[in-house]
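Residue strings, one per chain:
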Amino acid sequence: MAKVTIGKKACAVNPLKMSQPIGGSFAFLGLRGAMPLLHGSQGCTSFGLTLFVRHFKEAVPMQTTAMSEVATVLGGYENVEQAILNIYKKQKPEIIGICSTGVTETKGDDVDGYIKLIREKHPELANYPLVYVSTPDFKDAFQDGWDKTVAKMVEVLVDKPTSTRRDPARVNVLPGCHLTPGDIEELRTIFEDFGLEPSFLPDIGGSLDGHIPDEFTPTTIGGIGLEEIAVMGSASWTIAIGAQMKRAAEAMQARTGVPYRLFERLCGLLPNDEFMSFLSEISGRPVPAKYRRQRGQLADAMLDAHFHIGGRKLAIGAEPDLLFDVASMLHDMGAEISVAITTTQSPVLERMPCDEVLIGDLEDLETRAKERDCALMMTHSHGRQAAARLKIPFYRIGFPMFDRLGAGHLLTVGYRGTRDLVFALANLIIADREDNHQPTPDTWIDPWKDFQQASPEAAVVAPLH
């Protein structure tokens, strides 16, 4: 059992965590025709928007209530009202998702009260979907913002079922923020291969997968629609992926009566065995042959790669669910998780396969990786300089990943995703060993040259004999 400690530094020197409002906005980006709205200053929104655009390399919709110093002190009702009306009239989204920021939370704006007044004042907004989530960025982290937002979506947008009859083929899927659009698409294929009809909430696989639309739209493209969210109460099961989604799954069960199953991990051999067995059980179908073959490929990949990964000391910095998922898989491969840094509290941290987990920053990751002589570092793109200073291989995971292409299509779930991750990490270690330890013409030992330098007199007469 790992010991969870909290860093005592006065400030984050090189931050690892992203803020709650960004995590909440990310969840709203998985809804069709949505417009995320941050209630705060323009800088709060522009910072988050920059992260999303650099990560996905796509146009990302996001708006702000543009709070000034005076408005922040006096209250933001007028800013919220004007922002909602402008978005409603000009961009015409299907839903507006509002996340608070540190500035407005410090003031204590009653945004739920604002929304009630706005609906009364503007009858056209009486039944318009407006979802507000409290996400102050001075506490918690990216994962918490996503978690709270999805739970609020369930409470506000899912209708209470009028019948106890359920569709045995329909399943609700609540994915954590550590899953990429590529992961979502892989899961969608797996569910469909079992004859199931999945509804993902949110569905970033449909909105942030990098496709080019036929025509421009100022709101999100793709994602799950409001009408599909409303009927989630008719599903037979809710499947939550990542410990962060337990709250949303419980909210779904409380509102609709749909039972849920939580899968904390989907990276690795045993977690996917459990996942496949569960899908076979609820669908009444055997595991398709292609997944049996993929399982064999993963087992072979783990056998091949454990010679390179096993025994290596690794340093990982990530959100709790991603940290737990990837670190557990690598521990199964025989790696030693020497350094584990995360962003916020989570029940999975105590079950991490290491001695200690620190809630800290990238400076902590670098310092400890150096002290413990780690052979590989894994975190998001802001950790690249630390790995370069330590002269160790660096693998990018999590958000943001802005200095490489294809971040949205990286795959870590399922047998196939785990196989690809295992090969990628093993190849990094192999390449590092070849670059730094294999002999070259410049480093090749010349025995005769060494003999000459050690004994010049003997070297002169030696050739005569």
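Residues numbered from 1 in each chain as written. Predicted model: local features only at pLDDT ≥ 70, side-chain atom pairs only at ≥ 80, totals over all residues. Heavy atoms only, no water.

The name given to the chain in an unreviewed UniProt entry is Nitrogenase iron-molybdenum cofactor biosynthesis protein NifN, with the source organism recorded as Bradyrhizobium aeschynomenes. Annotation of the chain in UniProt includes, under Function (unreviewed entry), the sentence "This protein may play a role in the biosynthesis of the prosthetic group of nitrogenase (FeMo cofactor)." As its UniProt record puts it under Sequence similarities (unreviewed entry), the chain is described as follows: "Belongs to the NifD/NifK/NifE/NifN family." (UniProt positions renumbered as here; feature names shortened; annotations may be inferred.)

Colleague: Before we move on, can you summarise the UniProt feature "domain: Nitrogenase/oxidoreductase component" (unreviewed entry) in the chain with the specific residues and values?
Modeller: The UniProt entry lists residues 19-429 under the feature "domain: Nitrogenase/oxidoreductase component" (unreviewed entry), expressed in the numbering used here. This span, residues 19-429, is 47% helix and 16% strand, and a straight line between its end C-alpha atoms measures 32 Å. (Helix = DSSP H or I, 4+ residues; strand = E, 2+ residues; numbered from the N terminus.)

Colleague: An account of the environment of Val103 is needed here, citing residue identities and associated values.
Modeller: Counting through the fold element by element, Val103 comes out in helix H5 (residues 102-107). Expressed as a C-alpha distance, the spacing of Val103 and Pro400, which sit 297 residues apart in the sequence, is 23 Å.

Colleague: An account of the packing of helix H4 (residues 77-91) against helix H6 (residues 111-121) is requested, with residue identities and associated values reported.
Modeller: Two elements in contact, H4 and H6, have axes whose closest approach is 10 Å; the angle formed by their N-to-C orientations is 55°. The orientation of H4 relative to H6 falls into the category oblique. Handedness of the H4/H6 crossing: right-handed. Across the interface between the two elements, Tyr77, Val80, Glu81 and Ile84 of H4 pack against Tyr114, Leu117, Ile118 and Lys121 of H6. Considering only residue class, the contact of H4 with H6 consists of six nonpolar, no polar and two charged. (Axes fitted to C-alpha atoms, helices over the stretch in contact; angles between N-to-C directions. Parallel < 35°, antiparallel > 145°, perpendicular 65-115°, else oblique. Left-handed = near helix turned anticlockwise from the far one by under 90°. Contact = heavy atoms within 4.5 Å. Nonpolar A, V, L, I, M, F, W, Y, C, P; charged D, E, K, R; others polar.)

Colleague: Now, about the sheet that holds strand E3 (residues 63-64): what can you tell me, with residues and values included?
Modeller: One open sheet accounts for four strands, arranged E3-E2-E4-E5; its pairing is parallel. Edge positions in the open sheet fall to E3 and strand E5 (130-133), since each of these has one partner strand only. Summarising the sheet, strand E2 (residues 34-39) and E3 pair through two bridges and their orientation is parallel. Within E3, the residue paired with Leu37 across the bridge is Gln63. Across the sheet, helix H7 (residues 142-157) is in contact with strand E4 (95-100) and E5; its angle to E5 comes to roughly 145°. (Pairing = 2+ DSSP bridges.)

Colleague: Talk me through H4; I want residue IDs and the actual numbers.
Modeller: Along its 15 residues, H4 runs 21 Å from first to last C-alpha, staying within 8% of the 21 Å computed at 1.5 Å per residue. All of the buried residues along H4 are Val80, Glu81, Ala83, Ile84, Leu85 and Ile87. Of the surrounding elements, those touching the buried residues of H4 are E2, E3, E4, H6 and E5. Following H4 by one or two positions, Lys92 adopts a phi angle in the positive range, close to 50°. (Expected span 1.5 Å × (residues − 1). Buried < 20%, exposed > 50% of the residue type's maximum accessible area, 1.4 Å probe, protein only.)

Colleague: How would you sum up H6? Please name residues and give values.
Modeller: Listed as buried for H6 are Val111, Tyr114, Ile115 and Ile118. The buried residues of H6 occupy an angular sector of 100° when the element is viewed end-on, so they sit on one face. In H6, the exposed residues that point more than 90 degrees away from the buried face are Lys116 and Glu120. (Arc of directions from axis to C-beta.)

Colleague: Please set out the domain arrangement of the chain residue by residue, giving values where relevant.
Modeller: Reports of interface size often rely on the accessible area that becomes lost once the parts have come together. Domain boundaries assigned for the chain yield domain 1 (20-156), domain 2 (167-288) and domain 3 (292-439 + 446-458). Taking the mean C-alpha position of each, domain 1 and domain 2 sit 25 Å from one another. Each side of the interface is counted separately: domain 1 has 28 residues, and domain 2 has 29 residues. Regarding the contact of domain 1 and domain 2, the summed buried area is about 2500 Å², with carbon and sulfur atoms giving 68% of it. Considering only the side of domain 1, the residues that lose the most area to domain 2 are Arg32, Trp146 and Val154, jointly responsible for 26% of the buried surface there. One can count two salt bridges joining domain 1 with domain 2. (Domains from an automatic or database assignment. Buried area = accessible area lost by both parts, 1.4 Å probe. Salt bridge = Lys/Arg side-chain N within 4 Å of Asp/Glu carboxyl O.)

Colleague: Provide a residue-level description of the pairing of strand E8 (residues 235-241), including the pertinent values.
Modeller: Most of E8 is tucked away: six of the seven residues are buried. Judged from the six bridges that link them, strand E6 (residues 167-175) and E8 form a sheet pairing that is parallel. Of the residues in E8, the one forming a bridge with Val173 is Ile239. Bridge count for E8 against strand E9 (residues 260-263) is four bridges, and the pairing is parallel. Bridging from a neighbouring strand, Ile241 pairs with Phe263 of E9. Traced from E8 through helix H11 (residues 246-256) to E9, the parallel crossover comes out right-handed. (Right-handed = clockwise from strand over helix to strand, strands pointing away.)

Colleague: I'd like a rundown of the sheet that holds E9, residues and numbers included.
Modeller: Strand order in the open sheet made by the four strands is E7-E6-E8-E9, with parallel pairing throughout. The sheet is open, and its two edges are formed by strand E7 (197-200) and E9, each paired on a single side. Within the sheet, the average angular offset between the axes of one strand and its neighbour, ignoring direction, is 25°. Direction of pairing for E6 relative to E7: parallel, over a ladder of four bridges. Bridged to Asn172 within E7 is Ser199. Contacting E6, E8 and E9, helix H12 (residues 269-283) crosses the sheet at an angle of about 175° to E8.

Colleague: Give a description of the environment of Glu69 that names residues and reports values.
Modeller: Among the secondary structure elements, Glu69 is positioned in helix H3 (residues 69-74). Residues Glu69 and Ser41, 28 residues apart in the sequence, show an inter-C-alpha distance of 8.7 Å.

Colleague: Can you lay out the packing of aromatic side chains for me, pointing to particular residues and giving the numbers?
Modeller: How two aromatic rings sit relative to each other is given by the distance of their centres and the angle of their planes. As enumerated under the stated definition, the model contains 15 aromatic pairs in all. Where Tyr88 meets Tyr128, the ring centres are 5.0 Å apart and the plane angle is 80°; that geometry is what we call edge-to-face. With a gap of 40 residues between them, Tyr88 in helix H4 and Tyr128 in the loop between H6 and E5 connect regions that are remote in the sequence. With a relative accessible area of 9%, Tyr128 lands in the buried category. One cation-aromatic arrangement involves Arg54 over Phe402; the distance from NZ or CZ to the ring centre is 4.0 Å. (Phe/Tyr/Trp six-rings, centres within 6.5 Å; stacked < 30°, edge-to-face > 60°. Lys NZ or Arg CZ within 6 Å of the ring centre and 35° of its normal.)

Colleague: Could you give an account of a nonpolar patch on the surface, with specific residues and numbers?
Modeller: Nonpolar side chains collect at one region of the surface, where Val70, Val73 and Leu74 lie side by side and expose about 340 Å² of accessible area between them. Tracing the backbone shows Val70 in helix H3. Look at Val70 and you get exposed, because its relative accessible area is 56%. (Patch = residues over 30% accessible without salt bridge, like charges linked within 9 Å, V, L, I, M, F, W, Y side chains within 5 Å. Areas by Shrake-Rupley, 256 points an atom, 1.4 Å probe, with all protein chains shown as cover.)

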